[in-house]
Amino acid sequence: MKGSAFTINEISGRDRKKGENPISILHQGIAFSRILVNDLSMHRWILFVLTLICLPHFVRGADKPNILFFYTDDHSYRAVSAYPEAYDWVDTPNMDALAKTGIRFHHATIGTWCMPSRAALLTGKHSFGVETMRMTGKYPSSEYDPEICRFWPSVFRENGYETVQIGKWHTGTDSGFGRDWDHQVVWNRPRYPENAGKYYYNQLIERDGGPPVKEPGYSTDNYTKWTIDYLKSRKDKEKKPPFYLWLCYGGVHGPFTPADRHRDAYPDAVVPDPADIYPPRDGKPTYSRTVEQWVKGDAGEPVLARGKSKGGIKTNGKKTLTDWVRQVNQAVISLDEGIGKVMEILKEIGEYDNTLIIFTSDQGFAWGQHGFQVKKAPYDANIRSPMMISMPSRYPQGQVCPHPVGGVDLIPTIFSVAGIELPWDMHGHDLTPLLEYPQRTDWKNPVLTVETGWQYGADTDVVPIASDEASHMKLYARGVVPWWVSLVDREWKYIRTLVPGEPEELYHLGNDPDELENLARNFEHRDRVKVMRAATIAELRRTGAKMVDTLPEVAPLPAN
């Protein structure tokens, strides 16, 4: 082999192109050996060695990886103990185990509230790209045209995957059984509005498109059991198609109900008052400058203002901030237990090594930060999710990725890992380069996030800034938070509220992770604001957001 460009080891170790057939690699190696070697016996020896080298790649390539996607609800990164921002008394060992065996993403923005977050994870598009999706009738009833608004699990079915969805469904009354899903056990909230508040008990459950049956028991435990039942059913099958399993837990959505066995957990929990829990908040847009969902209770601790609050709860002005946050984290314990049980079964049936595991939430939830007890607002405290991706047989373990990522990035990533071509243009970026090298320095993709209330597709083409009541209802979606867009890169976060005359916001996430000081109101940062504004508009144009042509004017930047 003297004088050759590569040794045999170098040939076997060279990176192959994504999706390249291992058989073609073997053929290339054989051809290469013929060029290099004229002696027949030596040629046979090299052919034998190359076969041994490439055969494991071929065997692995023949088995498509499974995808197991854990998806929780209203679950902040502060409620996962693997995150340094979690309260020091929080303990989620099974979620933490996913971080230890995979990559923990420091900054993940999956969505802004339940429905658009799920729509993004079914289409790979932001809300403005989800055509025909619309709210109809009594909340949360919604509809879409499945011929126009296609959901990508149908493509996985066409490519030999068994697609399974278990748990909460919140994206149209049509849950897609038989078209998108081979197997479903779902709580279809849009189809049964009267049952839509039953997040933890007495849910109406549809099985494989059948009639609803009211199920006893705690919903988190039920979803875990049904997932385990499915995985166990695969154990003795001779032919096992790869699976995509989307396990959509309803916890920890309001009313934030823990399992009875966890109601005494965290007895010593203490939650410090967020710095800006009470108004005013200088430099913020009007809605976030003045929001006042928390007031001082009899003992001076923050309590929720009286009356109905967000998350389907009614407040009496007695439960403190610590009481509420403790209760939420009690409800997280059953989620953590469920994840641990599912992982045990995955290993027991011998499918752990060939399964990509994703864990995240539809969005976070603010508890006092910026005065909120709500999601939807553009601040990390409101919407930032935990996210871990684990597949130790393929990707590094115990790594932290510092780059911001978004919900729409997950779908191109899943397709890439499965080796399936994207069926349509999607808004996100394939994250597999970050799975391979989480701290890579050449990752430059910013994360766009958009909040358009209850509007989707063509209904978002024009920002509803007229003064009539109907426009106001669209702009605020019967809530406190109006439409907005934001862009996050490694260091900076830019927010533009889509209400005329409101100030832009700029935060340096390294120096100000709590987003307390709006640097856009500082003359020294006006150039940075202009750069981020232009980058946001460019990203809206790249993803086809027609609203970009009707964005309302912002407040003038401060003069020197």
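Let us look at the structure shown here. (Residues numbered from 1 in each chain as written. Predicted model: local features only at pLDDT ≥ 70, side-chain atom pairs only at ≥ 80, totals over all residues. Heavy atoms only, no water.)

Description of the overall build of the protein
The helix and strand inventory of the protein stands at 14 helices and 22 strands. Within the span of the protein, comprising 560 residues, buried residues form 57% of the whole. Once local pairs closer than 6 in sequence are excluded, the contacts in the protein between residues at least 24 apart make up 67%. About 23600 Å² of surface is accessible on the protein, with carbon and sulfur atoms providing 51% of the total. (Helix = DSSP H or I, 4+ residues; strand = E, 2+ residues; numbered from the N terminus. Buried < 20%, exposed > 50% of the residue type's maximum accessible area, 1.4 Å probe, protein only. Contact = heavy atoms within 4.5 Å. Areas by Shrake-Rupley, 256 points an atom, 1.4 Å probe, with all protein chains shown as cover.)

Let's talk about the environment of Pro255
If you trace the backbone, Pro255 turns up in the loop between β10 (243-248) and α8 (286-290). Along the sequence, Pro255 and Gly197 sit 58 residues apart, while their C-alpha atoms lie 8.6 Å from each other.

Section: empty space enclosed by the protein
Scanning all chains against the criterion turns up three cavities of 30 Å³ or more. Ile110, His126, Val408, Leu448 and Thr449 are, among the 28 residues lining the largest cavity, the residues nearest its centre. Among the elements of the structure, α5 (114-123), α11 (407-418), β19 (447-451) and α14 (526-542) are those that each provide at least two residues to the lining of the largest cavity. Here the lining of the largest cavity takes five residues from β19, the largest share from any one element. Partitioning the lining of the largest cavity into residue classes produces ten nonpolar, 14 polar and four charged. By volume, the second largest cavity amounts to about 90 Å³. Contributing to the lining of the second largest cavity are Asp74, His75, Ser76, Arg78, Ala79, Tyr87, Val325, Val328, Asn329, Phe365 and Trp367. Of the residues in the lining of the second largest cavity, the class split is six nonpolar, three polar and two charged. (1 Å grid on protein atoms, 1.4 Å probe; cavity = no way out; pocket = protein on both sides within 12 Å on 5 of 7 lines; lining within 4 Å. Points joined across faces, edges and corners; volume = space filled by probe spheres on them. Nonpolar A, V, L, I, M, F, W, Y, C, P; charged D, E, K, R; others polar.)

Details of the sheet that holds strand β15 (residues 355-361)
What the ten strands build is an open sheet, ordered β9-β8-β7-β6-β10-β1-β15-β16-β2-β17; its pairing is mixed. Pairing within the sheet leaves two strands with one partner each, and these edge strands are β9 (213-215) and β17 (399-401). For this sheet, the mean inter-axis angle between neighbouring strands, taken without regard to orientation, is 20°. Pairing of strand β1 (residues 66-72) with β10 involves five bridges; the strand directions are parallel. Paired with Phe70 across the two strands is Leu247, which belongs to β10. (Pairing = 2+ DSSP bridges. Axes fitted to C-alpha atoms, helices over the stretch in contact; angles between N-to-C directions.)

A word on the nonpolar core
Leu68, Phe70, Leu231, Met343 and Trp367 are the most contacted members of the largest nonpolar core, which totals 60 residues. Secondary structure elements with two or more residues in this core: β1, α4 (93-100), β6 (162-169), β7 (183-188), α7 (219-233), β10, α9 (321-348) and β15. Of all hydrophobic cores here, the second largest spans 50 residues; its members include Ala108, Phe156, Trp169 and Tyr395. (Core = buried A, V, L, I, M, F, W, Y, C linked by side-chain atoms within 4.5 Å.)

Side note on the sheet that holds strand β20 (residues 484-488)
Spatially, β19-β20-β21-β22 is the arrangement adopted by the four strands of the open sheet, whose pairing is antiparallel. Looking at strand neighbours, the two that pair on one side only are β19 and β22 (505-508), the edges of this open sheet. Each adjacent strand pair in this sheet contributes to an overall mean axis angle of 15°, direction not counted. Sheet analysis places β20 next to strand β21 (residues 492-497), joined by five bridges and oriented antiparallel. Counted as the bridge partner of Val485 is Arg496 from β21.

A word on the side chain of Gln293
Here Gln293 lies in the loop between α8 and β11 (294-296). For Gln293, a relative accessible area of 13% translates into the label buried. Only 2.5 Å separates the side chain of Gln293 from the backbone nitrogen of Gln373, close enough to count as a polar contact. (Polar contact = N/O pair within 3.5 Å; in protein donor to acceptor, adjacent residues only side chain to side chain.)

Considerations on the pairing of strand β16 (residues 387-390)
Taking every second residue as pointing to the same face, both faces of β16 are buried, with Met387 and Ile389 on one and Met388 and Ser390 on the other. Here strand β2 (residues 102-105) pairs with β16 via three bridges, running antiparallel. Paired with Ile103 across the strands is Ile389, a residue of β16. In the sheet, β15 pairs with β16 via four bridges, with the strands oriented antiparallel. From the neighbouring strand, Phe359 faces β16, where its bridge partner is Met388.

A word on the pattern of salt bridges
Enumeration according to the criterion identifies 26 salt bridges in this entry. One salt bridge connects Glu194 with Lys138, and the closest N-O pair in it is separated by 2.7 Å. A residue pair is termed long-range when its members are at least 10 positions apart, and Glu194 in the loop between β7 and β8 (203-207) and Lys138 in the loop between β4 (134-135) and β5 (142-143) qualify at 56 residues. As a salt-bridge pair, Arg179 and Asp174 come within 3.1 Å of each other at their nearest N and O atoms. Via salt bridges that share partners, Asp73, Arg118, Lys168 and Asp362 belong to a single interconnected network. (Salt bridge = Lys/Arg side-chain N within 4 Å of Asp/Glu carboxyl O.)

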